[in-house]
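# Summary of structural features
So you can see what is in the structure, the chains are spelled out below.
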Amino acid sequence: MTGTAKTNRPLIGAVMMLAVLLIAPHLFYPVFLMKVLCFALFACAFNLLLGYAGLLSFGHAAFFGSAGYVTAHAVKVFNFDPISGILLGVAVSSLLGLVIGWLAIRRSGIYFAMITLGFAQVVYFLSLQMKFTGGEDGIQGVPRGTLFGLVDLKDTMSMYYFVLVIFLFGFWMVYRTINSPFGQVLKAIRENEPRARSLGYDTDRFKLMVFVISAALSGMAGGTKSLVFQLASLTDVNWHMSGEVVLMTLLGGMGTVLGPAIGALLVVTLNNYLASFGSWVTIIIGAIFVTCVLAFRRGIVGEILEKIRTLSPK
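Keep in mind the model is a prediction, meaning the values are calculated, not measured.

On to the overall build of the protein. Helix and strand content of the protein: 13 helices and 4 strands. Its C-alpha atoms give the protein principal-axis dimensions of about 55 × 45 × 40 Å. For the protein, the proportion of its 314 residues judged to be buried stands at 47%. Across the protein, the fraction of contacts at a sequence separation of at least 24, relative to all contacts at a separation of at least 6, is 75%. Of the roughly 15700 Å² of accessible surface on the protein, 68% is carried by carbon and sulfur atoms. Placing the 22 positive and 13 negative side-chain charges of the protein at their respective mean positions leaves the two points 9 Å apart.

Before going further, it helps to examine the environment of alanine 215. Mapping alanine 215 onto the fold places it in helix 9 (residues 203-228). Along the primary structure alanine 215 and histidine 60 are separated by 155 residues, whereas in three dimensions their C-alpha atoms are 7.2 Å apart. Non-local contacts of alanine 215, meaning those with residues more than four positions away in its chain, are made with His60, Phe63, Ser93 and Gly97.

What follows deals with the packing of helix 10 (residues 239-252) against helix 12 (residues 280-295). For the pair helix 10 and helix 12, the least separation of the axes is 10 Å and the interaxial angle reads 35°. For helix 10 against helix 12, the interelement crossing comes out left-handed. Side by side, helix 10 and helix 12 meet where Leu247, Leu250 and Leu251 of the first sit next to Ile285, Phe289 and Cys292 of the second. Looking at the contact of helix 10 with helix 12, its residues break down into 6 nonpolar, no polar and no charged.

What follows is about unusual backbone geometry. One non-glycine residue, asparagine 79, lies in the positive phi region at around 60°. The residue asparagine 79 is located in the loop between helix 3 (61-77) and helix 4 (82-104) in this model. Of note, the phi angle at glutamine 230 is positive, near 55°, even though the residue is not glycine. Mapping glutamine 230 onto the fold places it in the loop between helix 9 and strand 4 (231-232). For glutamine 230, a relative accessible area of 34% corresponds to the partly exposed category.

The rules behind the values
Residues numbered from 1 in each chain as written. Predicted model: local features only at pLDDT ≥ 70, side-chain atom pairs only at ≥ 80, totals over all residues. Heavy atoms only, no water. Helix = DSSP H or I, 4+ residues; strand = E, 2+ residues; numbered from the N terminus. Buried < 20%, exposed > 50% of the residue type's maximum accessible area, 1.4 Å probe, protein only. Contact = heavy atoms within 4.5 Å. Areas by Shrake-Rupley, 256 points an atom, 1.4 Å probe, with all protein chains shown as cover. Lys, Arg positive; Asp, Glu negative; His and termini not counted. Charge placed at Lys NZ, Arg CZ, Asp CG, Glu CD. Axes fitted to C-alpha atoms, helices over the stretch in contact; angles between N-to-C directions. Left-handed = near helix turned anticlockwise from the far one by under 90°. Nonpolar A, V, L, I, M, F, W, Y, C, P; charged D, E, K, R; others polar.

Here is the structure:
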């Protein structure tokens, strides 16, 4: 394969993905697609932390859910427009990420994961007790509002394209972060942190920065989801949500750009179409996860990319 063809491959992939996403709402239920896009952005944000910095967080639901509550409250009570509401949610999740990250990066491995889980549980219990969150009822009837006073987001198709723009912006942010000097340092930290430190990099500062970026993008996904479903609930801050995003990332392909989005599509589709099985859904998805991990150690997209590399001429 020529150098030009290799250079153009990401551009061709981006054009194909955009074409599919533009056509998709005319073929499938738009609300289902919006849910997929929100979780795809959440998974991509999480993958930035796990797949490229090597930091396993069990508390990302704290950022996803807290931004959802803040966005819903701002839009419903303070009459914020949709973009301002989402930005406020992102600001809160970023601040939360700064505090939790500053404390968590002092440890590594399982201790790091447990610290993030502990803080996520604190956020969960605060969400359960605080008045503005609505407790077990959550914040319901959140208005979608209008975009720039012109586009009524009550219209499902208008809302879909609004969510699509947010997803594409977040996906582009992840892609640019990965393919920047900052991203290369993250990979160095993932592979050998002591060596990266010996080269003069302040590894704690880089880990804190990527933690905050990941938290901000997770908050963007959570705030957008609260507008799509006009609801912010305890489900989004529950530890199950943190486990689900790990599942999405590993199924799709940890450390790949598109893998987490594919994993999100798979998990959301299974949850949607297997809902009639009730509590058996968890067992079925667990069995599928075990099978995929055993058969595709790099994840679905990771295995496909590896096969392409193997078959491509030098």
